[in-house]
Amino acid sequence: MRKLAVFSLSAVLRYEYATFQRFAQMSIEKVEGEPFSLAPADGEKNIQQLLLETYRLHKQEQPSAAKLKKIEKQFSKYLKKYFVQEEVSFEVRPGVQNIFNHIEKRKNWKYCILSPYWNKATHQVLESCGVYSKNKFTITANQALTAQEQLEIAMARTKKKNKGLKVFLVNENLNIELNKPFELIQPKGSKSAPNYFIYPKFSELFKAHL
């Protein structure tokens, strides 16, 4: 049986998604030349989906593909400037790269990073933290509008014909429902620091499944 460990972007990096939402709003305003407020979002949402909902709310129409590209490009500019100005804007989760290394050495294991942001922006933040992501299995907002759809893509690419697939959702905050068995793997968080945790060794994190 193949095993797929699914990491949300926030399970790999520590960041403030409210800042990213602000950049999305600023990017729309820059392209449109007028004030905009984002559609309501309960927590972190796929940015492409958020933009489509925002345009339906304010313009009662869908933005053109060309306009979405302009917003995406502007978003990456704001993100790059933010990283230059704020040294601790993004932080890799301690121990996660060790987990990646162990999975890469195992024949029947794969891992995937699901990102609610566009491809370029996702690689920007990962690589700024030393996670060289261009050779990693990553599904972004360019490929699917929801984490559920992203997961289905990841599973389809991982599963081999006539072989089962076991899915692990690591530090899951993706609002995903699976119609098949899966395991939720939750590293222990810090009581003193919100949104902070350290990954244990691979053998400890997946000890019941080795």
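Keep in mind the model is a prediction, meaning the values are calculated, not measured. (Residues numbered from 1 in each chain as written. Predicted model: local features only at pLDDT ≥ 70, side-chain atom pairs only at ≥ 80, totals over all residues. Heavy atoms only, no water.)

1. Some points on the pattern of salt bridges
- Scanning all chains against the criterion turns up eight salt bridges.
- We note a salt bridge from Glu 32 to Lys 59, for which the minimum N-O separation is 4.0 Å. Of this pair, Glu 32 sits in helix H2 (residues 17-32) while Lys 59 sits in the loop between helix H3 (47-58) and helix H4 (65-85), and the two are 27 residues apart along the sequence.
- Under the relative-accessibility criterion, Glu 32 is labelled buried at 16%.
- Of the charged contacts, one joins Glu 53 and Lys 45 as a salt bridge, the two residues approaching to 2.8 Å between their closest N and O atoms.
- Residue classification places Lys 45 among the partly exposed positions, given a relative accessible area of 21%.
- Where salt bridges share partners, they join Glu 32, Glu 34, Lys 59 and Lys 67 into one cluster. (Salt bridge = Lys/Arg side-chain N within 4 Å of Asp/Glu carboxyl O. Helix = DSSP H or I, 4+ residues; strand = E, 2+ residues; numbered from the N terminus. Buried < 20%, exposed > 50% of the residue type's maximum accessible area, 1.4 Å probe, protein only.)

2. Some thoughts on a positive patch on the surface
- On the surface, a cluster of positive charge is contributed by Lys 30, Lys 73, Lys 77, Lys 80 and Lys 120.
- In terms of residue count, the dominant contributor to the positive patch is H4 (three residues).
- Looking at the element boundaries, Lys 80 is found in helix H4. (Patch = residues over 30% accessible without salt bridge, like charges linked within 9 Å, V, L, I, M, F, W, Y side chains within 5 Å. Areas by Shrake-Rupley, 256 points an atom, 1.4 Å probe, with all protein chains shown as cover. Lys, Arg positive; Asp, Glu negative; His and termini not counted. Charge placed at Lys NZ, Arg CZ, Asp CG, Glu CD.)

3. Side note on the side chain of Arg 93
- Tracing the backbone through its elements, the reader meets Arg 93 in the loop between strand S3 (91-92) and helix H5 (96-104).
- The charged side chain of Arg 93 is buried without a salt bridge, its nearest counter-charge being Glu 91 at 6.7 Å.
- Of the polar contacts made by the side chain of Arg 93, one reaches the backbone oxygen of Leu 13; its length is 3.5 Å.
- Apart from the residues lying within four places of it in its own chain, the contact partners of Arg 93 are Ser 10, Ala 11, Val 12, Leu 13, Arg 14, Asn 195, Tyr 196, Phe 197 and Tyr 199. (Polar contact = N/O pair within 3.5 Å; in protein donor to acceptor, adjacent residues only side chain to side chain. Contact = heavy atoms within 4.5 Å.)

4. Overview of the confidence of the model for the chain
- When pLDDT is averaged across the chain, the result is 86; 90% of the residues are at 70 or more.
- Per-element averaging of pLDDT across the chain places strand S7 (residues 182-185) at the bottom with 80 and strand S5 (residues 138-139) at the top with 94. (pLDDT = per-residue confidence, 0-100.)

5. Regarding unusual backbone geometry
- For Gln 60, which is not a glycine, the phi torsion comes out positive at approximately 55 degrees.
- On the secondary structure map, Gln 60 appears in the loop between H3 and H4.
- With relative accessibility at 61%, the residue Gln 60 sits in the exposed group.

6. What about the sheet that holds strand S1 (residues 2-8)?
- Taken together, five strands build an open sheet; the order of strands is S5-S4-S1-S6-S7 and the sheet is parallel. Here the strands that pair on one side only, and so sit at the sheet edges, are S5 and S7.
- Bridging between S1 and strand S4 (residues 109-114) involves six bridges; their strand directions are parallel. The residue of S4 that forms the bridge with Lys 3 is Trp 109. (Pairing = 2+ DSSP bridges.)

7. Points about the packing of aromatic side chains
- Evaluated as defined, the whole model comprises 22 aromatic pairs.
- Residues Phe 36 and Tyr 55 carry aromatic rings whose centres are separated by 5.6 Å and whose planes lie at 45 degrees to one another, so their mutual orientation is tilted. Of this pair, Phe 36 sits in the loop between H2 and H3 while Tyr 55 sits in helix H3, and the two are 19 residues apart along the sequence. Tyr 55 carries the same exposure label as Phe 36, and that label is buried.
- Relative to Tyr 117, the ring of Phe 75 lies with its centre 6.1 Å away and its plane at 15 degrees, an arrangement referred to as stacked. Of the two residues, Phe 75 sits in helix H4 while Tyr 117 sits in the loop between S4 and helix H6 (119-128), which places them 42 residues apart along the sequence. When sorted by exposure, Phe 75 lands in the same class as Tyr 117, which is buried.
- Members of the aromatic cluster, joined through ring pairs, are Tyr 15, Phe 20, Phe 23, Phe 75, Tyr 78, Tyr 82, Phe 83, Phe 90, Tyr 117 and Trp 118. (Phe/Tyr/Trp six-rings, centres within 6.5 Å; stacked < 30°, edge-to-face > 60°.)

8. Examining the nonpolar core
- If you look at the biggest cluster of nonpolar residues, it comprises 49 residues, and the most contacted ones within it are Phe 7, Val 12, Phe 75, Tyr 199 and Phe 206.
- It is H4 that contributes the most residues to this core, six residues altogether.
- Look past the residues within four positions of Phe 75 in its chain and what remains in contact with it is Phe 20, Phe 23, Ala 24, Ser 27, Ile 47, Tyr 117, Trp 118 and Ala 121.
- Formed by eleven residues, the second largest nonpolar core is a distinct cluster that contains Leu 4, Cys 112, Leu 165 and Leu 169. (Core = buried A, V, L, I, M, F, W, Y, C linked by side-chain atoms within 4.5 Å.)

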